[in-house]
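If you want the building blocks of each chain, they are given just below.
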Amino acid sequence: MSCASNTTCLPVGQKTQAYPLVRISGDRCLLATYGYTVDAAVNEKVRRIALLLYQEHNQGIEEVVPSYSTLAIFYDPDQVSVQELTLLLDQCEQKLTKIQSDEARIITIPVCYGGSFGPDMEDVARHSRLDTSEVIHRHSSSIYRIYAIGFAPGFCYLGGLDKGLHIPRLKTPRTFVAAGSVGIAGSQTGIYPQNSPGGWRIIGRTPLTLFDTSRAEPCLYRAGDSIRFLPVDRATFQAMLHGQGE
Amino acid sequence: MNEVLRIIDPGACSTVQDLGRRGHAHLGVPVSGAMDEYGHSIANWLVGNAACQATLEMTINGAAMEVLSPCSIALTGADMGLTINGAAKVQWHSHQVQTGDSIRIGTARTGCRGYLALAGGVASPMVLGSRSTYLGGRFGGHAGRMLKAGDILSCNGMDQADVQKTRSLLWSPVYADSITLRAIAGPQDDWFCQDSNHFFQSRFTLSPQSDRMGCRLEGPGIKKDADAPENLLSIPIAAGNVQIPPDGQPIVLFREQTIGGYPCIATVLSCDLWRLAQARPGASICFQRVSLETGQHLARTWQGVLTTVRCMLATQTQPIQPPKPTAYNDASTSRECSQ
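Residues numbered from 1 in each chain as written. Chains lettered and ligands numbered in written order. Predicted model: local features only at pLDDT ≥ 70, side-chain atom pairs only at ≥ 80, totals over all residues. Heavy atoms only, no water.

On to the overall build of chain A. The helix and strand tally for chain A stands at five helices and 14 strands. Accessible surface computed for chain A: about 11500 Å², of which carbon and sulfur atoms make up 53%. (Helix = DSSP H or I, 4+ residues; strand = E, 2+ residues; numbered from the N terminus. Areas by Shrake-Rupley, 256 points an atom, 1.4 Å probe, with all protein chains shown as cover.)

A word on the domain arrangement of chain A. Residue and element names in this part refer to chain A. In terms of domain boundaries, chain A breaks down into domain 1 (8-98) and domain 2 (106-244). Tallying the contact residues gives nine residues for domain 1 and eight residues for domain 2. Taken over both partners, the interface formed by domain 1 and domain 2 buries close to 740 Å², and the fraction arising from carbon and sulfur atoms is 52%. Area buried by domain 1 at its contact with domain 2 is led by N43, R47 and Y68, which between them contribute 54% of it. The partner of E44 in a salt bridge is R145, and the shortest N-O contact between them spans 2.8 Å. Linking domain 1 to domain 2 there are four residue pairs in polar contact (both at pLDDT 80 or more). Broken down by element, the residue count for the side of domain 1 that touches domain 2 peaks at four residues, all from helix α1 (residues 40-55). When the residues that make up the side of domain 1 that touches domain 2 are grouped by side-chain class, the tally is four nonpolar, two polar and three charged. (Domains from an automatic or database assignment. Contact = heavy atoms within 4.5 Å. Buried area = accessible area lost by both parts, 1.4 Å probe. Salt bridge = Lys/Arg side-chain N within 4 Å of Asp/Glu carboxyl O. Polar contact = N/O pair within 3.5 Å; in protein donor to acceptor, adjacent residues only side chain to side chain. Nonpolar A, V, L, I, M, F, W, Y, C, P; charged D, E, K, R; others polar.)

The next thing to look at is the interface of chain B and chain A. Each side of the interface is counted separately: chain B has 43 residues, and chain A has 48 residues. When the area that chain B buries against chain A is broken down by residue, the three leading residues are H26, L27 and L233 of chain B, summing to 19%. At the boundary of chain B and chain A, one finds two salt bridges. Its salt-bridge partner being R300 of chain B, residue D78 of chain A comes within 2.4 Å of it at the nearest N-O pair. Joining chain B to chain A, the criterion identifies 13 residue pairs in polar contact (both at pLDDT 80 or more). Counting residues per element, the ones that place at least two in the side of chain B that touches chain A are β12 (178-185), β15 (235-236), β19 (264-268) and α5 (292-314) of chain B. Broken down by element, the residue count for the side of chain B that touches chain A peaks at five residues, all from α5 of chain B. Residue composition of the side of chain B that touches chain A, grouped by class: 22 nonpolar, 15 polar and six charged.

Next up, the structure:
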C-alpha cells in the first residue's frame, strides 16, 4: 500500500545520517528530529539549535520548543515557509561549532531524604537491597541531565539514574503528592513542581519552589541544564523553606 | 477598573480565557486560551474590544449573574439562550446592561461553549503574558480556577461612546451533530501507512470524557504498522495533533499540553479547531485529508474572513450580512451558506 507521507528526509552537512528528519505538525508547526534515543549529545544539539533560533529572532518564528531529540518550531506561514525553515535549521547546525552558546548550567537542588518527606524510601531500599544511606548516596552522586520539561509547568524529565535504584511506579497512585517531592519511576527520577496526584516512589523533598509564575524567570532551570541533588537535614530544609522569599 | 458582574450561578465549567499564553511551552506551560477562538473573537468585537481581551468561556451550562455597574455585553458561541431581567435577547449581538440587571445564560441547545464578552474585557491579572485560566497549573484567569458563586468580575475602563454602540451579526455558525475536520497527515503518519486510509475514511464519536486538554474519540481502532517503532520519545505538541494511544482510539489535543509520547497520525487545521470545540459529546466526527499547501491556504482564507468581519464590526452602521461564501468554501459554516 502506498503511503502519502508528509515526512521528508533532509541530509545535513557531511554526515551519512539523514538528520534532521523534518515532519509537519499541522499548518503552523514543524518538528525537527535529530535522533531516536535518549542521548546527551543529541539532546545538547537540540538545546543549542533551539537557543540559536530563539536568540536570532527569525522572521515568522513564534516559538521554539525542545524535547529529548526533537524540537518544534511554531511559525506564521504568511511570513516563512517550511522550506525556508529547513534551510535555517541546516544553517543553525553549521553555526553550532563556530558560535559560543551559553553553557548549560548545573543546578543544585537540596533534598531532605526519607522520613515523612520520603514515604517510599524504605521500599526503595528494600527493592534495591541497599540501606537507606546508600540509596541517598547513589541518588545524590549522579549529575542528571534535563532532557525535557513538560507534563506540568517546571516538570523535568531527567536522565542518568543509577541502575541499582530503578523501581516500578506505585501500583495505586497517591491522590496527593506535595510540591517539591523527589521520586523514582522505573529508570527515571524527578521532582513534582506542584501539589498533584502521582505514582512515583517518593524518597525526599526539596524546599525550593521550582516553578513560580511571579518570578522573572519562572523556572529554576531549562531543558539542557543538569541537576545535582544535595542531601540536607530537616533543620536546613526548614531554614531554606523560610529563607526562600528573602 | 470597575466591578461589573457578580456570579450567582457559575454553570458547569466557566473560566476566563483570552487568546492564550505564548512563549512558555519550553517550561511546560501550555497555551490555554479560548477553545473556540472564533466565537471568542467575535464576542469581543461586538462590544468594541480587541480579540485579545479576556472573555468568559462557559461549557454546556451557562452562568447567572448580577450586574454591578453599566456595561455592554455580547454572547456568542453555543446557542445557550440569553435573558436580561427575564426577557429573551439575541446572541451575536451587543446589549446594554444596567446596575441591578439579572443576566441568565441557559443550557446549550446546539454547540458546546458560549463566550460572554464585556466591554473593556475581563480584567483578571496577567500571568506570564495572558489572562487565560490554566486549570492544570492552577494559575491565570480568576484565581487559576473555574468561577464559583459570589465571584466578582471586573472590567478595564472603556470609552463610553464606544460602549454604547450597538453591533450585531445577522448570521451565526451552525454547530452540526456531524462534522468533517480538515487535517494534514503527520507528524507520525509514517507509523500508520497501513491504517492511514482507514483513519481518514472512518467516523468517530466524540466521547463525554473530553475536556480542554483533549477531545477523545471512539470508533474503529487505528493500528500502527507492524514495523513502526515500539515507543516514541516525547515530542512537542501542537494544538490539533491527533494522538493514537495503544488502544487505537484517537485523541485530538487542544491547548493544555506541551509534550506527549504517543504518535500523531494527523493534525487538524488551526482554522477548524473551533468547530471541534463546539462539538458536543456524541457528535459524529470524520477527518478529511488536505495537503500542507491547501491547509495553509484554507487557514489564510479563514483569517481573511475574520479580518473582514472585524473591520465591518468596527465601522458598523447597520447589521452585518454574511460574507460571500466564495471567500470560505465550506457550506457548513454559516446558516445562509447551508440553505
